[in-house]
Amino acid sequence: MNLLLAPLIVSLISSLLASLIVIVDSIVNNYGEVNININNGKKILKVKGGSPLLFTLASQGIFVPSACGGKGSCGACKVKVLTDVGEYLPTELPFMSKDEIKENIRLACQIKVKKDLNIVLPEKLFNVKKYKGKVISLKNITHDIKEVKIQLSDKIYFKAGQYIQVVIPPYGKIKQSTQRAYSIASPPSKNTEIELLVRLVPDGIATTYIHTILNVGDELEIIGPFGDFYLRDTNAEMICVAGGSGVAPIKSILIDMFEKGITDRNVWYFFGAQSEKDLFYLELFRNFEMKWKNFRFIPVLSKPQEPDKWDGEVGLVTEVMARYLETIIDKSLPKEGYLCGSPGMINACESLMRKFGIDKVYYDKFA
Ligand SMILES: Cc1cc2nc3c(=O)[nH]c(=O)nc-3n(C[C@H](O)[C@H](O)[C@H](O)COP(=O)(O)OP(=O)(O)OC[C@H]3O[C@@H](n4cnc5c(N)ncnc54)[C@H](O)[C@@H]3O)c2cc1C
Ligand code: FES
């Protein structure tokens with residue numbers, strides 16, 4: 001019992017100490033105006049010191065990815081810092097590889113701007129903007145997934161598969177605004193209206209807000225686009241695996257390919273779900289199958305509720321994919337993997353794909 005409680009108590013004491021340090025630091029220290037030099041002088045920002053780098057950059061219209069809203073729990077806000085800003089914090093280390101530590105990659109939400117800084121940012125981040133949006137449709141498409149359509153004040157230019165961050169305002173007991181990442185489910189051709197698929201996470205801050213508080217007509221800010229999950233311009237056969245809210249970026253990619261007439265590529269789409277109640281958009285994907293000669297749609301249920309009526313595949317999506325790769329899909333063609341969903345599903349699919357010699361595997365882990 002004591003062994004179980006000890007890490008909890010240590011973590012409580014560390015977070016209390018961390019909060020105390022922040023409060024004392026803000027009272028005692030006044031860092032005044034400091035310069036942030038980005039990409040060797042490409043941009044120089046004059047800012048007030050004292051806040052985390054992530055929020056300081058955002059206040060200047062530069063948005064670094066952040067899937068947890070700056071809590072230090074997603075690892076998305078990595079930035080190369082050329083200036084010495086001190087030891088790594090315990091909150092940063094779990095997200096850093098040895099190579100990243102050698103290169104001085106830091107979590108922008110965890111390091112504070114206290115003096116002049118030199119940093120390196122990918123150029124594409126300069127195109128990321130904040131958009132005002134209005135919710136124009138909210139639809140429950142399964143028992144736990146809501147389809148959210150947002151009309152934007154400005155056009156957004158993105159690649160199919162990329163994601164945006166939704167700004168969640170304070171509500172109820174949540175006293176601070178926060179942000180969460182959601183993949184765009186609509187294609188880039190719709191650039192003033194985007195669609196998201198949001199799965200309700202019990203007690204989750206953003207998903208509780210979106211599922212239970214947000215209404216049609218409400219305003220909602222988004223920031224984006226972000227991410228490296230998009231279609232690679234090759235002829236390789238595509239092996240896609242996604243179920244639940246992971247369908248969002250795959251749907252965007254497939255509609256985009258269809259609209260652009262990229263229908264000569266072979267696509268195998270494995271839609272993993274637990275039971276019939278977790279399936280959706282079947283008509284859309286079946287329709288692709290009819291119109292797109294090389295598109296195969298394979299819904300897989302791990303626990304069908306009505307096994308007698310279900311005539312599709314049964315089992316874990318990994319097992320079914322392995323069987324197809326072993327016995328049905330032509331082994332001689334080059335292949336790429338496109339995966340989206342929970343880290344567990346992605347890790348299992350990725351290692352399986354590698355066993356089958358698929359070494360180009362692209363994914364977004366919804367962690
Ligand atoms: C690139 C990317 C794309 C994504 N795309 C999508 C998408 O298209 N659709 C989608 O639905 N999701 C997507 N996600 C996931 C999404 O960003 C959120 O992580 C998810 O919706 C949960 O957010 P939340 O605020 O509701 O939960 P959070 O409040 O972040 O909570 C997550 C879990 O942690 C628990 N928790 C929270 N705080 C504490 C605490 N203090 N102590 C202990 N436990 C706690 C909660 O109970 C909950 O179970 C994506 C993530 C990434 C990184
Ligand atoms: S924003 Fe999530 S770790 Fe920094």
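Note: the structure precedes this text.
Anyway, here's the lowdown on the structure attached to this text.

Thresholds, definitions, all that
Position labels on residues start from 1 in each chain and follow its written sequence. All chains are assigned letters beginning with A, and all ligands numbers beginning with 1, in the order in which they are written. Side-chain atom pairs in this predicted model are given and counted only at pLDDT of 80 or more, local residue features only at pLDDT of at least 70, and totals for whole chains, interfaces and linings cover all residues. In computing side-chain values, all of the structure's heavy atoms are included and hydrogens and water are not. Should DSSP find at least two bridges between two strands, the strands are regarded as paired. Runs of E in the DSSP output that reach at least two residues are strands. Runs of H or I that reach at least four are helices, and both are numbered from the N terminus. Note on definitions: angles span 0 to 180 degrees between N-to-C directions of axes, and those axes are lines fitted to C-alpha atoms, for helices only across the stretch in contact. Among buried residues, the Ala, Val, Leu, Ile, Met, Phe, Trp, Tyr and Cys ones that are joined through side-chain atoms within 4.5 Å form a nonpolar core. Partly exposed residues are those whose accessible area sits between 20% and 50% of the maximum for their type, while under 20% is buried and over 50% is exposed, using a 1.4 Å probe and protein chains only. A domain assignment, automatic or from a database, supplies the domain bounds used here. Should any heavy atoms of two residues lie within 4.5 Å, those residues are counted as being in contact. Only rings of Phe, Tyr and Trp enter the pairing, Trp through its six-membered ring, and a pair is recorded when the two centres are within 6.5 Å. The plane angle decides the type: under 30 degrees is stacked, over 60 is edge-to-face, the rest tilted. Placement of a positive charge over a ring is assigned whenever Lys NZ or Arg CZ falls within 6 Å of the ring centre and within 35 degrees of the normal to the ring plane. Note on terminology: near, applied to a residue and a molecule or strand, indicates that one of the residue's heavy atoms is within 4 Å of it. By the criterion applied in these results, polar contacts are pairs of N or O atoms within 3.5 Å in which, for protein atoms, one can donate a hydrogen and the other can accept it, and in which residues neighboring in sequence qualify only through two side-chain atoms. Here a salt bridge means any side-chain nitrogen of Lys or Arg lying within 4 Å of a carboxyl oxygen belonging to Asp or Glu. An angle below 35 degrees is read as roughly parallel, one above 145 as roughly antiparallel, one from 65 to 115 as roughly perpendicular, and any other as oblique. Put simply, a crossing is left-handed when the front helix is turned counterclockwise from the back one by less than a right angle, and right-handed when it is turned clockwise. Polar here means any residue other than Ala, Val, Leu, Ile, Met, Phe, Trp, Tyr, Cys and Pro, which are nonpolar, and Asp, Glu, Lys and Arg, which are charged; Gly is therefore polar.

Attention shifts here to the sheet that holds strand β2 (residues 43-48). The 5 strands are arranged β2-β1-β5-β3-β4 in an open sheet whose pairing can be described as mixed. Both outer strands of the open sheet, β2 and β4 (105-107), are each paired with one neighbouring strand and no more. Averaged over all pairs of adjacent strands, the angle between their axes in this sheet comes to 40°, without regard to strand direction. The pairing of strand β1 (residues 33-38) with β2 spans 6 bridges and is classified as antiparallel. Residue N37 lies in a different strand from β2, and its bridge partner there is I44.

Ranked by internal contacts, the top residues of the largest apolar core, which has 33 residues, are L197, L254, Y269, F271, F285 and F295. Of all elements in the fold, only β12 (237-242), α5 (247-259), β13 (267-273), α6 (282-291), β14 (295-301) and β16 (335-341) reach the threshold of two or more residues within this core. Sorting elements by how many residues they give to this core places α5 first, with 7 residues. Each of domain 2 (128-226) and domain 3 (237-365) contributes no fewer than three residues to this core. Excluding residues that lie within four positions of it along the chain, Y269 makes contacts with C240, A242, V247, I250, L254, F285, F295, R296, F297 and I298. By size, the runner-up hydrophobic cluster in this structure holds 31 residues, among which are V34, I62, I105 and L125.

All chains considered together, the criterion is met by 19 aromatic pairs. Their ring planes at 65° and their centres at 6.2 Å tell us that F229 and Y338 sit as a pair that is edge-to-face. With F229 in the loop between β11 (219-226) and β12 and Y338 in strand β16, this pair connects stretches of sequence that are 109 residues apart. Grouping residues by exposure puts F229 and Y338 together as buried. Seen in terms of ring centroids, Y338 and Y362 are 5.5 Å apart; in terms of plane orientation they differ by 40°. Their pairing is tilted. Pair noted here: Y338 is in strand β16 and Y362 is in strand β17 (residues 360-365), with a separation of 24 residues, a long-range link. Judged by relative accessible area, which is 0%, Y338 ranks as buried. Taken together, the ring pairs in this structure connect F258, Y269, F271, F280, Y281, F285, F288, W292, F295 and F297 into an aromatic cluster. Taking NZ or CZ as reference, K43 lies 5.0 Å from the ring centre of F126, over its face. The ring of Y362 carries R232 above its face, with NZ or CZ at 4.1 Å from the centroid.

Right, let's talk about the site of ligand 1 for a bit. Ligand 1 sits among 21 residues. The nearest are R180, A181, Y182, A206 and T207. A distance of 3.0 Å separates an oxygen atom of ligand 1 from a polar backbone atom of S183. Contacts to ligand 1 include R199, whose backbone N or O atom sits 2.9 Å from an oxygen atom. Those elements that provide at least two residues to the shell around ligand 1 are β9 (178-183), β10 (193-199), α4 (205-213) and β17.

In total, this model carries 16 salt bridges according to the counting rule given. A salt bridge links K129 to D154; its shortest N-O distance comes to 3.9 Å. Here D154 lies in the loop between β7 (145-152) and β8 (163-168) and K129 lies in strand β6 (residues 129-140), a separation of 25 residues in the sequence. A salt bridge links K331 to E326; the nearest nitrogen and oxygen atoms lie 3.9 Å apart. Relative accessible area serves as the criterion here: at 44%, E326 is assigned to the partly exposed category. Each of K130, K132 and E221 takes part in salt bridges that share partners, so that together they form one network.

Strand order in the open sheet formed by 6 strands is β15-β14-β13-β12-β16-β17, and the pairing between neighbours is parallel. Looking at the sheet topology across the chains shown, the edges are occupied by β15 (313-314) and β17. Across 2 bridges, the pairing between β14 and β15 is parallel. Among the inter-strand pairings, V300 is bridged to a residue of β15, identified as E313. Set on the sheet, α5 makes contact with β12, β13, β14 and β16; between it and β13 the angle comes to about 155°.

The next thing to look at is the environment of A67. Within the fold, A67 resides in the loop between α2 (53-59) and β3 (78-81). For the pair formed by A67 and Y182, sequence separation is 115 residues and the distance between their alpha carbons is 8.7 Å.

Attention shifts here to the packing of helix α7 (residues 317-327) against helix α8 (residues 343-355). For the pair α7 and α8, interaxial distance at closest approach is 10 Å and the crossing angle is 15°. Relative to α8, α7 is oriented roughly parallel. Two packed elements cross with a definite hand, and for α7 against α8 that hand is right-handed. For the pair formed by α7 and α8, the contact residues are T318, M321 and A322 on the first element and A348, C349, L352 and M353 on the second. Of the residues assigned to the contact of α7 with α8, the class counts are 6 nonpolar, 1 polar and no charged.

It is worth stressing that arrangement in space is one thing and function is another; only the former is reported here.
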